[in-house]
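Letter by letter, the chains look like this.
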Amino acid sequence: MGRRDGEADGDGEAGPVVTPSAEFPPLAERELAALRRIGEQWYAASPPRPDGELPVDPTLGRYPGRTVPGRFGRLAPIAMFQVGDPGELVAAEPATAPRTRPGRGLNRIRRVVLGPPLRSSAVVYERMRKLVALPVLSSDLLSSVAYGPEAMLAVLVLAGSGALGLSLPLAAVLAVLMVAVGVSYRQTVVAYPHGAGSYVVATDNLGVRPGLAAAAGLMVDYVLTVAVSVAAGVHAVTSAIPSLSGYAVPLGVLTIALLLAGNLRGVRAAGNLFVWPTYAFVFALLAVLVVGYVRAGARGFAPVGPPPVPVTEGLGLVLVLRAFASGAVSMTGIEAVSNAVPAFRRPEWRNARTTLGWMVGMLVVLFVGLTLLIHLNGLVPAREVTLLSQLARATFPTGPWYGLVQAATALILLLAANTAFAGFPRLLFFMARAGHAPRRFLHMGDRLAFSDGLIALALAAGLVFVTFGGHTQALIPLYAVGVFLAFTLSQAGMVVHWRRRRGSGWRRRASVNALGATLSGLVLVTAAFTKFHEGAWVVVVAVPLLVLLALGIHRHYRLVDESLSLHPSPNGGRPPMALAPLPGAAEPGAPAEAQELPQQVRHLVVVPVARLNRAELRALAYAVSLGQPTLAVHIAPEDAEADRFREQWTAWGDHVRLEAIVSPYRAVIGPLAHYLEALHASRPDVLLTVVVPEVVVRGRRYRPLHSRTEQRLRRALRPLPGVVVTNLPVHLDD
């Protein structure tokens, strides 16, 4: 099928942009060209030997009986590696198991909780069909109707019960906003079939900083989605069971932990886990609406008068705008589909667009239907009981139906945060791919889930939930600013996108996105202005800080890429000039860390020697076997000890040049590190390889008995350029 204007490339199917290989990006063309030039200049001192002359068989096929580690092969041989394509080995699942007994025990617990690891090739099957994607990605959006109308009415009731009638026109305006933004995001899904969301759209069309502002707003939104959803779910539970009200915070933290564990099992497993609660909630609310309207029709749809409520604030434009902004939180999660397009089965963009259409339709029906039914029943917000609980009790005064509605509501609210767990890691993936987030967020865990992103979200949401004591209303003011900032920038970016494309029907598409951007911008300004002193200032401050953090991360990665990018050898591949003897050189070559060709590298092997025992002599033997100039260094606390060590050195045979340094203040690491730094400063073109003997004991109980000097030395030498630290272990039996 050909591509229609504004639709996906090719046949409308998204490419595999979210894969386990994303953390290993290919080289650019200029780097490939530089790699070829460097390869042409590369030569070794002697011609390379064929693979058959290596001391070991790299294919592990020559000695199959010797490739099984003894500790794993006591009972039965375990194949750690299998032959794959020609020239490669494939690590089997047992090769990923920890070697220690405690590690294997923890690994077994991990497998019970998360399931067995999945092969990289299984990423194609870890996708969702529409019937699964609908509840998984809409749980946040649909569950928000459980607290969105209440948040709107909680502001209107400040002006007394007479102001509650304004909920109907506000609900109508919000329905228009929902449809406009929903249609806009349907166009985003088609225009960006590889999974975009506000960050990619805004970056692509408005620039880096607007894109990062949208990403920051989404990150705040996702964190608050988890905190608000869990808080609302816990409130629903405590409304039905008041005796649990004192355990709200522990229940919320436990729920976040369970959500994390469920999502760490992978996309498909998490989808199957969270499908039925969403459908149960939708059917429960539909039952409430049907029965409620039947009861209202029996009395001629005459609204019940609300109980008198004292006026605590005058009715004005600011109060109405605050109520409108509070009710707009019912739209949070509407962008989830555009972020998760690659998680759909093929054709991804078409399935995602259909799912988004169903989501928006159900949202409008449930939000408007509940708001009108609450008005007809004359219900007002109460601190102890949620409005939805009051409505369910009024609709089902007898029988088990009230309990079923409350159970479904509590369950969906507790699990609604799953939408954030689906979107937040993917947002960090796209940011990390562009260098605006740590690259560890590109990594997929052994269940093909973005484990680092999931854990980061759980920790941030848990911190927010505990800080605010699990109170939903305290978190609502922080909610609307971030999400509508992302909505506004995304839709404005889509307007620019259509203007650039100028294909068939671009004006109509741009008008739809412009309407969505305008309405979202109005909500953004309203929420930021009216709720600034209620806590929205936290988001107003957090978004610029997150943008600055992302820019700083990008600057760092750009510096790293520039420093590590391939470039031709500075001397054109010609053999360098002969080195002058240490400690100085008349014409030094390239700095040690700029050497890329074998003929450029000049070594000096340094062996710190404390006493002449088997470990120290083994380190000296290893250093000399490398065939490079070797220097031994001994740190002595006084002259007498230095003289005694020289006598022992002479008795050994004085096979290696020894330099004894007297440290009258008895420090070892500092003088040695400064001495090596001085050596490197005298000849920056010489690569210093420090060989440190390390005594390794098997029993953990004996490790505190050793000073671990080699670790301290490694930490001290790590900042020095042109210095390589090699640990030579000597294992001791228990």
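In this text the structure is predicted, and so the values were computed from the model without any measurement.

Undergrad: Sorry if this is basic, but what is going on with the overall build of the protein here?
TA: Along the backbone of the protein there are 24 helices and seven strands. Residues classed as buried in the protein amount to 48% of the 734 residues present. Relative to all contacts within the protein whose residues are 6 or more apart in sequence, the contacts with residues 24 or more apart total 80%. Within the structure as shown, the protein displays about 35,300 Å² of accessible surface, and the carbon and sulfur contribution to it stands at 63%.

Undergrad: Just checking my understanding: could you explain unusual backbone geometry for this structure?
TA: Apart from glycine, the bulk of residues carry a negative phi angle, and the bulk of peptide bonds sit in the trans form. Phi is positive for Phe301, which is not a glycine, with a value near 60 degrees. Relative to the assigned elements, Phe301 resides in the loop between α9 (267-298) and α10 (317-327). Even without being glycine, Arg502 reaches a positive phi, approximately 50 degrees. Relative to the helices and strands, Arg502 resides in the loop between α18 (479-501) and α19 (506-530). Take Arg502: its relative accessible area is 48%, and that puts it in the partly exposed class.

Undergrad: How do you make sense of the sheet that holds strand β6 (residues 686-697) when you look at a structure like this?
TA: To summarise the sheet geometry, strands pair through backbone hydrogen bonds and adopt either a parallel or an antiparallel arrangement. If you trace the five strands from one edge of the open sheet to the other, you get β5-β4-β3-β6-β7, paired in parallel fashion. The open sheet has two edge strands, β5 (657-662) and β7 (723-732), and neither has a second partner. Ignoring strand direction, the axes of neighbouring strands in this sheet form an average angle of 25 degrees. As judged from the six bridges shared by strand β4 (residues 630-636) and β5, these two strands associate in the parallel manner. For Leu631, the partnering residue across the bridge sits in β5 and is Arg657. Seen against the sheet, helix α22 (residues 639-652) touches β4 and β5 and runs at an angle of roughly 165 degrees to β5.

Undergrad: Sorry if this is basic, but what is going on with the pattern of salt bridges here?
TA: A side chain of one charge can pair with a side chain of the opposite charge when the charged atoms of the two come close. The tally for this structure, following the rule as stated, stands at six salt bridges. A salt bridge links Arg322 to Glu313, with the shortest nitrogen-to-oxygen separation between them at 3.0 Å. Here Arg322 falls in the buried class, since its relative accessible area comes to 12%. On the accessibility criterion, Glu313 (28% relative accessible area) is partly exposed. The closest approach of N and O atoms between Asp452 and Arg440, which form a salt bridge, is 3.6 Å. Here Arg440 lies in the loop between α15 (418-433) and α16 (451-467) and Asp452 lies in helix α16, a separation of 12 residues in the sequence.

Undergrad: In this structure, what is going on with helix α3 (residues 130-143)? I would like to understand it.
TA: Across its 14 residues, α3 extends 19 Å between first and last C-alpha, which sits within 8% of the 20 Å expected from 1.5 Å per residue. If you look at α3, its biggest bend is around 45 degrees, right at Leu137. Of all 14 residues making up α3, 12 are buried, and the element is well covered by its neighbours.

Undergrad: Please explain the packing of helix α5 (residues 167-191) against helix α12 (residues 348-377) as it appears in this structure.
TA: Describing two packed helices takes the angle between their axes plus the distance from one axis to the other. Two elements in contact, α5 and α12, have axes whose closest approach is 9 Å; the angle formed by their N-to-C orientations is 175 degrees. The angle between the axes of α5 and α12 places the two elements in the roughly antiparallel class. Looking at the contact of α5 with α12, its residues break down into 18 nonpolar, six polar and two charged.

Undergrad: I keep staring at the pairing of β6 and nothing clicks. Help me out?
TA: The two faces of the sheet receive side chains in turn, since in a regular strand these alternate between them. For β6, the tally of buried residues reaches 10 of 12 residues, placing the bulk of the element in the interior. With five bridges connecting them, strand β3 (residues 602-608) and β6 associate as parallel partners. Considered in β6, the bridge of Val606 is made with Val690. In terms of strand pairing, β6 meets β7 through 10 bridges, oriented parallel. Directly across from Val692, in β7, lies its bridge partner Asn727.

Undergrad: Looking at this structure, how should I read the pairing of β4?
TA: Of all the seven residues making up β4, seven are buried; the element is thus mostly covered by neighbouring parts of the structure. Neither face of β4 is left uncovered, since the one carrying Thr630, Ala632, His634 and Ala636 and the one carrying Leu631, Val633 and Ile635 both have all their residues buried. Relative to β4, β3 is paired through four bridges, and the arrangement is parallel. Within β4, the position partnered with Val607 by the bridge is Ala632.

Undergrad: Sorry if this is basic, but what is going on with the nonpolar core here?
TA: One finds Leu137, Val226, Phe421, Met431 and Phe484 to be the most contacted residues of the largest nonpolar core, which totals 155 residues. Among the elements that line this core, the one with the most residues is helix α7 (residues 208-240), at 19 residues. The contacts of Leu137, once residues within four sequence positions are left out, are Met128, Gly333, Ala336, Val337, Ala340, Phe344, Met359, Thr419 and Ala422.

Undergrad: I'm lost on the packing of aromatic side chains in this one. Help?
TA: Aromatic ring pairs: the centre-centre distance and the angle between the two ring planes describe each pair. Scanning the model with the defined rule gives eight aromatic pairs in all. Seen from their ring centres, Tyr222 and Phe424 are 6.3 Å apart, and the 90 degrees between their planes marks the pair as edge-to-face. Linking Tyr222 in helix α7 with Phe424 in helix α15, this pair joins segments that are 202 residues apart in sequence. By the burial criterion, Tyr222 is buried, and Phe424 matches it. Their ring planes at 75 degrees and their centres at 5.6 Å tell us that Phe429 and Phe430 sit as a pair that is edge-to-face. Here Phe429 matches Phe430 in class, with each residue buried. An aromatic cluster is built from Tyr185, Phe484 and Phe487, whose rings are joined through pairwise contacts. Over the face of the ring belonging to Tyr557 we find Arg439, whose NZ or CZ atom lies 4.1 Å from the ring centre.

Undergrad: How should a positive patch on the surface be read in this particular structure?
TA: A contiguous patch of positive charge, built from Arg712, Arg714, Arg715 and Arg718, is present on the exposed surface. Along the polypeptide, Arg715 turns up in helix α24 (residues 709-717).

Cut-off values and rules
- Residues numbered from 1 in each chain as written.
- Predicted model: local features only at pLDDT ≥ 70, side-chain atom pairs only at ≥ 80, totals over all residues.
- Heavy atoms only, no water.
- Helix = DSSP H or I, 4+ residues; strand = E, 2+ residues; numbered from the N terminus.
- Buried < 20%, exposed > 50% of the residue type's maximum accessible area, 1.4 Å probe, protein only.
- Contact = heavy atoms within 4.5 Å.
- Areas by Shrake-Rupley, 256 points an atom, 1.4 Å probe, with all protein chains shown as cover.
- Pairing = 2+ DSSP bridges.
- Axes fitted to C-alpha atoms, helices over the stretch in contact; angles between N-to-C directions.
- Salt bridge = Lys/Arg side-chain N within 4 Å of Asp/Glu carboxyl O.
- Expected span 1.5 Å × (residues − 1).
- Bend = angle between axes of the 7 residues up to and from the residue.
- Parallel < 35°, antiparallel > 145°, perpendicular 65-115°, else oblique.
- Nonpolar A, V, L, I, M, F, W, Y, C, P; charged D, E, K, R; others polar.
- Core = buried A, V, L, I, M, F, W, Y, C linked by side-chain atoms within 4.5 Å.
- Phe/Tyr/Trp six-rings, centres within 6.5 Å; stacked < 30°, edge-to-face > 60°.
- Lys NZ or Arg CZ within 6 Å of the ring centre and 35° of its normal.
- Patch = residues over 30% accessible without salt bridge, like charges linked within 9 Å, V, L, I, M, F, W, Y side chains within 5 Å.
- Lys, Arg positive; Asp, Glu negative; His and termini not counted.
- Charge placed at Lys NZ, Arg CZ, Asp CG, Glu CD.

All we've got here are geometric facts, nothing functional implied.
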